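Structural features, examined
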Amino acid sequence: MSAVILDHITKTYENGKVTAVDDVSLEVSPGELFGLIGPDGAGKTSVFRILTTLLLPEKGTASVLGFDCVKNYREIRNRVGYMPGRFSLYQDLTVAENLHFFATLFGTTIEENYTLIKDIYEQIKPFSNRRAGKLSGGMKQKLALCCALIHKPEVLFLDEPTTGVDVVSRKEFWAMLQQLKQQGITIMVSTPYMDEAVLCERIALIQAGRIMSVDTPEKIIDTFPAQLFAVKAADIYRLLTDLRNDPATESCYTFGEYLHITFRGHPDTNPQQLQEWLEQRGHRNVAVKQIRATIEDSFIRLMNEA
Ligand SMILES: Nc1ncnc2c1ncn2[C@@H]1O[C@H](COP(=O)(O)OP(=O)(O)OP(=O)(O)O)[C@@H](O)[C@H]1O
């Protein structure tokens, strides 16, 4: 049995004017680390709120651990942990008080489930008397994770847990998720950061409420159907304009200091040819390399196709 099932779920706001989730179906296996990857406004929070029984869908059905998200909401609430995207802690309570509060809410104690949060909590324990509102972003995130885990949930929903957190804390956070996975907890996590997608076992790419692809990150990258080149030159803006205006160009977008480009109907373009062609057009300091697509390239391609 799948741990999480979304079956043709649709959710709209403002009397149907805004479609936040559009006929979404997917399943998450028990013990899986599953990522919902998409930009702001893609519908990630709405999906999480439906699964955590805080929002009713208009169409479709959803279940967690076999319990229906509408009819069996009580069973679900006791069995899942939810870390919402926005700050979920009580700012005026200390670290220890927040944790104690969430434990009490679920009729448990910190001591009872301490082994589960120990590795994470030890990192913030020196600040246990500090008010949550005075913690750094990374520390708030660790405390929020402890609070979401204190009742030993079987499924953990983490909505953009690393948004606004520094790079080091983001890395540490993903290491913590891998450890929690080892303990058998099913984890569904959302993120707008494409580089985090590869840290999940499977991902769903979501845009404008629609799922564009569900698979392992590797398989999604492997299905990128075209040769992809990274190109740069002294005048990157002119390079972008020239390439976008060329009828042979299928797609061209900036990617760090490079442009990523694919061509129509040129299955065997080689980097040398491309470099010469650009130099003939007056570009200087041209560098061209053929590259393997990233999840971000796959996302952009699927989005353009949609
Ligand atoms: N209460 C609401 N009323 C009206 N529109 C809403 C409401 N909540 C969300 N939306 C809209 O629904 C769409 C999906 O929002 P949602 O918050 O689910 O996406 P998200 O991927 O989590 O993005 P974000 O990270 O920005 O929250 C967006 O267009 C958003 O503006």
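Since the structure is predicted, the reported quantities are computational estimates derived from the model, not experimental observations.

The next thing to look at is the sheet that holds strand β8 (residues 186-191). Strand order in the open sheet formed by 6 strands is β6-β7-β8-β3-β9-β10, with mixed pairing between adjacent strands. Edge positions in the sheet fall to β6 (80-83) and β10 (210-215), since each of these pairs with one other strand and no more. When the angles between neighbouring strand axes are averaged without regard to direction, this sheet yields 15 degrees. Here strand β3 (residues 33-37) runs beside β8; their pairing, made up of 5 bridges, is parallel. Across the sheet, the residue bridging to Leu36 is Ser190, located in β8. Sitting on the sheet, helix α1 (residues 44-51) touches β3, β7 (155-159), β8 and β9 (202-207), and the angle it makes with β7 is about 150 degrees. Sitting on the sheet, helix α6 (residues 167-182) touches β3, β7 and β8, and the angle it makes with β8 is about 155 degrees.

Segments scoring low in pLDDT should not have their predicted coordinates read at a detailed level. Put simply, the protein has an average pLDDT of 93, and 99% of its residues get 70 or more. Interface confidence for the predicted complex, given as ipTM, is 0.96, next to a pTM of 0.91.

Glancing now at helix α5 (residues 137-149). Taking 1.5 Å per residue, 13 residues should reach 18 Å; α5 reaches 18 Å between its end C-alpha atoms and fits that length. In terms of burial, α5 is a largely internal element, 10 of the 13 residues being buried. Regarding α5, the residues found buried are Lys140, Gln141, Lys142, Leu143, Ala144, Leu145, Cys146, Cys147, Ala148 and Leu149. Those residues of α5 hidden inside the fold are in contact with β6, α3 (95-105), α4 (114-124), β7 and α6.

The next thing to look at is the site of the ligand. Of all residues adjacent to the ligand, which total 14 residues, the nearest are Tyr13, Ala20, Lys44, Thr45 and Ser46. Residue assignment for the shell around the ligand shows that the elements contributing at least two residues are β2 (18-28) and α1. The greatest single-element share of the shell around the ligand, amounting to 3 residues, is contributed by α1. A class-by-class count of the residues in the shell around the ligand yields 4 nonpolar, 6 polar and 4 charged.

Now for the sheet that holds strand β12 (residues 249-255). Taken together, the 4 strands give an open sheet; going across it, the order is β12-β13-β11-β14, and neighbouring strands pair in antiparallel fashion. The two strands at the open ends of the sheet, each matched to only one other strand, are β12 and β14 (287-291). Sheet twist, expressed as the average angle between the axes of neighbouring strands with direction ignored, equals 25 degrees. Bridge count for β12 against strand β13 (residues 258-263) is 6 bridges, and the pairing is antiparallel. Counterpart to Thr254 in the pairing with β13 is Leu259. Here helix α8 (residues 236-245) sits on the sheet in contact with β11 (228-232), β12 and β13, set at roughly 160 degrees to β12.

This brings us to the domain arrangement of the protein. Parsing the protein into structural domains produces domain 1 (4-217) and domain 2 (224-305). Once you take the C-alpha centre of each, domain 1 and domain 2 turn out to be 37 Å apart. If you list the elements that add at least two residues to the side of domain 1 that touches domain 2, you get β9 and β10. Each residue belonging to the side of domain 1 that touches domain 2 can be placed in one class, and the counts come to 6 nonpolar, 2 polar and no charged.

On to the pairing of β7. Among the 5 residues of β7, 5 are classified as buried, and the element is accordingly described as predominantly covered. Here β7 shows two buried faces, one formed by Val155, Phe157 and Asp159 and the other by Leu156 and Leu158. Pairing analysis gives 4 bridges linking β6 to β7, with the strands arranged parallel. Bridge pairing in β7 links Gly81 to Leu156. Note: β7 against β8, 5 bridges, orientation parallel.

Turning our eyes to something else, we now look at the nonpolar core. If you look at the biggest cluster of nonpolar residues, it comprises 69 residues, and the most contacted ones within it are Leu51, Leu143, Cys146, Cys147, Phe157 and Ile187. Among the elements that take part in this core, α5 stands out by supplying 7 residues, more than any other. When sequence neighbours within four positions are dropped, the list of residues in contact with Cys147 reads Leu89, Asn98, Leu99 and Phe102. Val231, Ala233, Leu239 and Leu243 belong to the second-largest nonpolar core, a separate cluster that totals 11 residues.

What counts and what doesn't
Residues numbered from 1 in each chain as written. Predicted model: local features only at pLDDT ≥ 70, side-chain atom pairs only at ≥ 80, totals over all residues. Pairing = 2+ DSSP bridges. Helix = DSSP H or I, 4+ residues; strand = E, 2+ residues; numbered from the N terminus. Axes fitted to C-alpha atoms, helices over the stretch in contact; angles between N-to-C directions. Contact = placed C-beta atoms within 7 Å. pLDDT = per-residue confidence, 0-100. Expected span 1.5 Å × (residues − 1). Buried ≥ 20, exposed ≤ 12 C-beta atoms within 10 Å, placed from the backbone. Near = placed C-beta within 6 Å. Nonpolar A, V, L, I, M, F, W, Y, C, P; charged D, E, K, R; others polar. Domains from an automatic or database assignment. Core = buried A, V, L, I, M, F, W, Y, C linked by C-beta atoms within 7 Å.

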